[in-house]
Amino acid sequence: MFCAFASTFTLTMLTSAYKGHFGDLDYPGLIGFGDFTHTQKLWEYYHLIVFIIMGAIGGLIGALFNNLYVRIQKYRAQYLLKRPFRRQWRMIEGLLIIIVTTSLAYMCSMFLSTCVPHSLKASHIQVSENDDINQVKACFCPPYSETVDRMYHNDFATLIFTPLETAITQVYHLEMTYSITTLGLFFLFYYLIFCWSYGAAIAIGFFVPTILIGAIYGRFFGAIFEVNSIPFFSKVITQVYPGTYALIGSAAFVGGVTRMTISLTVLFIESTQQVSFGLPIMVTVMVAKWVGDLFSDGIHNIGISLKKLPYLNREIPEKFDKLTAEDIMSSRVSYLYPITRVRSIEQLLRNTAYSAFPVITPDTFRQFPKTSPTHHLPTCSMYGSVDVTDAEKPHEDLTRSKRPIPRPLSSPGYQRTTFSMHSEADCECAAHIRDSDGLTFTYNIPAPNGLLESMSHDKPLILHGMILRTQLIALLKHRAFFSEDEQPEAQHEVTYDQMMSEYPHYSTTNEVALSDAERNMLMDLTLYMNPNIYTIHYQAPMSQVFTLFRTMGLRHLPVTKASGVLVGVITRHDLVPDKLNFALEEKQKSADI
């Protein structure tokens, strides 16, 4: 709150100095649409019926705008952004919009506009001497004549060839007549052009154009009922200042497009400096939101959906309650071993874009050094596919009480990672992890020339923790690895300050240069991974998954079985509506079969 007051005061002082009255506090902001201060009535309580109707119509045309925007954006993404020279095509589209807009603006001003008399009176509006509200365009209209003592102006040209903020202020306050034809033509012209332009590679803005479109809609709404003399409405409308309907029209259209409520009401009250408009504007935007929600989402939610951003709403729709974690998880998991070859880590970082990776070991819980010799698994790579239906097949007959659950590698029950050499042709070394109960986890480390293949399903994967992509890059950058003829204790330790030294702009994999000898070395991840991670059971309901992501701010969530076996990973991208709908359809199809 203090920062808001400080910034407002600073802006007011700078604006007053720019206007030539330093220290005058009557210049509260950079954008203002004039003060509705005059003798004519602003509104009465019975006008709320008209405002509700305007809000409903604003919600409809706002929903139509959003649907047209979605179609144009999908067409643009399919035929422009996927072409070889997409930047050039976007530039061509921007030039085409400029040419079409300019050509239509001049043709409409020349052939379809109306020349109306103008007295250049705006005495009721409080503006400074630097404002240009009285500027009108006399394009293609008769010149001023002293005999008639009347000046004509082109109403369409005045709207289209003046700055947007000035045009809004004129529609709100200027005592001039706009013909119904001009208002309808300008609304249709600007509505379609803005729908095409929004999202293109040109600077057009959003709020000011939508406010102008809504203002024209409001004046057009009032002019129709006033001219046609419809009972009740024509009497009610003629009793109120026409600029009121322009303001309510702006609120209705902007509310129908954005579905904003309180913030939009505050915006219009601040820009007009008229608190008495609070109730009608709030009623209008609420009705516009309710009606618009019946046909489409808000423009900002649509943009998030089109860009496939992993934004989570407050609640998940009830129809997704049928889904479980197993239905939406990704069973194709890229993982790491506690001791991994540097070459494999580098390839994993280059070939994937994930922000974190599970640290796993194959399940070897039956291996006790006193009763059985150490068993070596086949060579495994960093990339693997974990199938929830096959991960525990070798141990389906074991319950959780009979099966030991491994603790994190960094917990006190675990010994320091040991390392030993072997002479197999395809796997030159193996690592052993042993806990206090004699439980040994043994896994082979791929040879320097080993290929990255899909993992074998002979053993389930035991999850021990997660390590971030930024941590792996920092470890590579600080050369935190050791050679095969050394123990993990020889690895250079990287401190927390060194890890976070580049926050928030971390280095990329391409910025880390490694030699061939360094790529053949090994890295111990047990000191840097996070063993205390959130996990969820593969049969957990979708609401529990969503709540965990929403409340804890997670970006990835490992999915396990009761025994701690990793079967998949859920990310925020798996919770977007499109993927959830696809998962629900697939589950319904499988149920029908």
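Quick caveat, the model's predicted, so the values are computed rather than measured.

Definitions and cut-offs
- Residues numbered from 1 in each chain as written.
- Predicted model: local features only at pLDDT ≥ 70, side-chain atom pairs only at ≥ 80, totals over all residues.
- Heavy atoms only, no water.
- Axes fitted to C-alpha atoms, helices over the stretch in contact; angles between N-to-C directions.
- Helix = DSSP H or I, 4+ residues; strand = E, 2+ residues; numbered from the N terminus.
- Parallel < 35°, antiparallel > 145°, perpendicular 65-115°, else oblique.
- Contact = heavy atoms within 4.5 Å.
- Nonpolar A, V, L, I, M, F, W, Y, C, P; charged D, E, K, R; others polar.
- Patch = residues over 30% accessible without salt bridge, like charges linked within 9 Å, V, L, I, M, F, W, Y side chains within 5 Å.
- Areas by Shrake-Rupley, 256 points an atom, 1.4 Å probe, with all protein chains shown as cover.
- Salt bridge = Lys/Arg side-chain N within 4 Å of Asp/Glu carboxyl O.
- Pairing = 2+ DSSP bridges.
- 1 Å grid on protein atoms, 1.4 Å probe; cavity = no way out; pocket = protein on both sides within 12 Å on 5 of 7 lines; lining within 4 Å.
- Points joined across faces, edges and corners; volume = space filled by probe spheres on them.
- Phe/Tyr/Trp six-rings, centres within 6.5 Å; stacked < 30°, edge-to-face > 60°.
- Buried < 20%, exposed > 50% of the residue type's maximum accessible area, 1.4 Å probe, protein only.

Overview of the packing of helix α3 (residues 86–112) against helix α6 (residues 180–197)
In the contact formed by α3 and α6, the axes pass within 11 Å of each other and the chain directions differ by 175°. Between α3 and α6, the crossing angle belongs to the class labelled roughly antiparallel. Between α3 and α6, the residues in contact are Glu93, Leu96, Ile97, Val100, Thr101, Leu104, Ala105, Cys108 and Leu112 and Leu185, Phe189, Ile193, Trp196 and Ser197, respectively. Taken together, the residues of the contact of α3 with α6 sort by class into 11 nonpolar, two polar and one charged.

Observations regarding a nonpolar patch on the surface
On the surface, Leu104, Tyr106, Met107, Met110, Phe111, Leu112 and Phe140 cluster together into a nonpolar patch covering about 710 Å² of accessible area. Mapped onto the secondary structure, phenylalanine 111 falls in helix α3.

Looking at the sheet that holds strand β13 (residues 556–560)
Spatially, three strands are ordered β12-β13-β14 in an open sheet, and the strand pairing comes out mixed. Both edges of this open sheet fall to β12 (536–537) and β14 (566–571), since each of them pairs with a single strand only. Note that β12 and β13 share two bridges and pair parallel. Looking at the pairing, isoleucine 536 lines up with valine 559 of β13. Against the sheet, helix α18 (residues 542–552) makes contact with β12, β13 and β14, and its axis sits at roughly 145° relative to β13, the strand it touches most.

Section: the layout of surface pockets
Its volume calculated, the largest pocket comes out at about 1500 Å³. For the lining of the largest pocket, the secondary structure elements donating two or more residues are α2 (48–79), α11 (278–293), α12 (299–306), α18 and α19 (577–592). If one sorts the elements of the lining of the largest pocket by residue count, α12 sits on top with eight residues. The residue makeup of the lining of the largest pocket, split by class, is 21 nonpolar, 12 polar and 14 charged.

Details of the packing of aromatic side chains
Under the criterion given, the structure shown has 20 aromatic pairs. With a centroid separation of 5.4 Å and an interplanar angle of 20°, the aromatic rings of phenylalanine 186 and tyrosine 190 are classed as stacked. Within this pair, phenylalanine 186 and its partner tyrosine 190 are both found in helix α6, separated by four residues, close to a single helical turn. Owing to a relative accessible area of 15%, tyrosine 190 belongs among the buried residues under this scheme.

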